[in-house]
Amino acid sequence: MTQDELKALVGKAAVEYVEEGSIVGVGTGSTVNYFIDELATIKHKIQGAVSSSEASTERLKSHGIEVFELNDVDRIPVYVDGADESNHLLQLVKGGGGALTREKIIAAVADKFICIADESKLVPRLGEFPIPIEVIPMARSYVAREVVKLGGDPVYRTGFTTDNGNVILDVHGFEINEPIKLERLLNNIVGVVTNGLFAERAADVLLLGKQDSVETLTR
């Protein structure tokens, strides 16, 4: 199977976790786009969705799926999103698309976080993919200097602005032996909105697209 076929496979598998009559949390990215397209086939069975990005909101609306503001929603039974990396504890690196803050907020609200990815995203240790950090623009240089003190190599994502009006530093070179500890350290830097380590709130289920099947990992 091609990578796109694997993404379509896990997108379809994730729909099985959607509760009838519920509002579904929807992430961002190429894999999630396949989930959104599949969700459209059962849109008559759900109330609608809460979206983590303007791009996903547009795609949901194009399918006729109502998109709710998170502040107007009491409960999200299931949140479905992709990942740039996952370890075997289902701790993730996310944010390659720049939507990490809204993704992390919806993941925190959701009862169950379903991560969908192809098998290349499962790694023994996080960190080969750079860790994105969303930063208040005036704090960019300060945050970068603090990140260097922690052993990282921050690179400004030139020409990119998040849906929240902030900037991204992509941090290379971290040896991530304690993901939760690093996630907290980065979030404690003044000027950081949040970072792309999803370790403290890891995924509950990882649907991994393989050549002949979808493997289900849980924690």
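Residues numbered from 1 in each chain as written. Predicted model: local features only at pLDDT ≥ 70, side-chain atom pairs only at ≥ 80, totals over all residues. Heavy atoms only, no water.

Asks: Help me out: how do you make sense of the domain arrangement of the protein in this one?
Replies: The extent of an interface is frequently quoted as the accessible surface area lost upon association of the parts. Taken domain by domain, the protein consists of domain 1 (3-123 + 200-218) and domain 2 (131-196). The gap between the C-alpha centroids of domain 1 and domain 2 is 24 Å. When domain 1 packs against domain 2, the two sides together hide about 1400 Å² of surface, and 47% of this comes from carbon and sulfur. Considering only the side of domain 1, the residues that lose the most area to domain 2 are Leu100, Lys104 and Glu200, jointly responsible for 41% of the buried surface there. The interface formed by domain 1 and domain 2 includes two salt bridges. (Domains from an automatic or database assignment. Buried area = accessible area lost by both parts, 1.4 Å probe. Salt bridge = Lys/Arg side-chain N within 4 Å of Asp/Glu carboxyl O.)

Asks: How do you make sense of the nonpolar core when you look at a structure like this?
Replies: As a rule of thumb, soluble globular proteins bury nonpolar side chains together. Ranked by internal contacts, the top residues of the largest apolar core, which has 22 residues, are Val26, Phe35, Leu39 and Ile116. Breaking this core down by element, the ones donating at least two residues are α1 (3-15), β1 (23-26), α2 (30-39), β4 (78-81), β7 (112-118) and β13 (205-209). Setting aside chain neighbours within four positions, we find Phe35 in contact with Gly11, Ala14, Val15, Val18, Val24, Val26, Val80 and Ile116. With 20 residues, the next largest nonpolar core counts Ile131, Ala139, Val147 and Ile176 among its residues. (Core = buried A, V, L, I, M, F, W, Y, C linked by side-chain atoms within 4.5 Å. Buried < 20%, exposed > 50% of the residue type's maximum accessible area, 1.4 Å probe, protein only. Helix = DSSP H or I, 4+ residues; strand = E, 2+ residues; numbered from the N terminus. Contact = heavy atoms within 4.5 Å.)

Asks: I would appreciate a short explanation of the pattern of salt bridges in the present structure.
Replies: Should the charged atoms of two oppositely charged side chains come close, the side chains can pair. Per the stated rule, a full pass over the model turns up 15 salt bridges. Residue Lys181 pairs with Glu178 through a salt bridge whose shortest N-O separation is 4.0 Å. According to the relative accessible area criterion, Lys181 is partly exposed, its value standing at 48%. Note on Glu178: relative accessible area 49%, which makes it partly exposed. When the shortest N-O distance is used, the salt bridge between Arg219 and Asp204 registers 3.2 Å.

Asks: Can you walk me through the environment of Val15 in this structure?
Replies: With respect to the secondary-structure elements, Val15 resides in helix α1. Using a relative accessible area of 10% as the deciding quantity, one classes Val15 as buried. Sequence separation between Val15 and Val78 is 63 residues; the distance between their C-alpha atoms is 10.0 Å.

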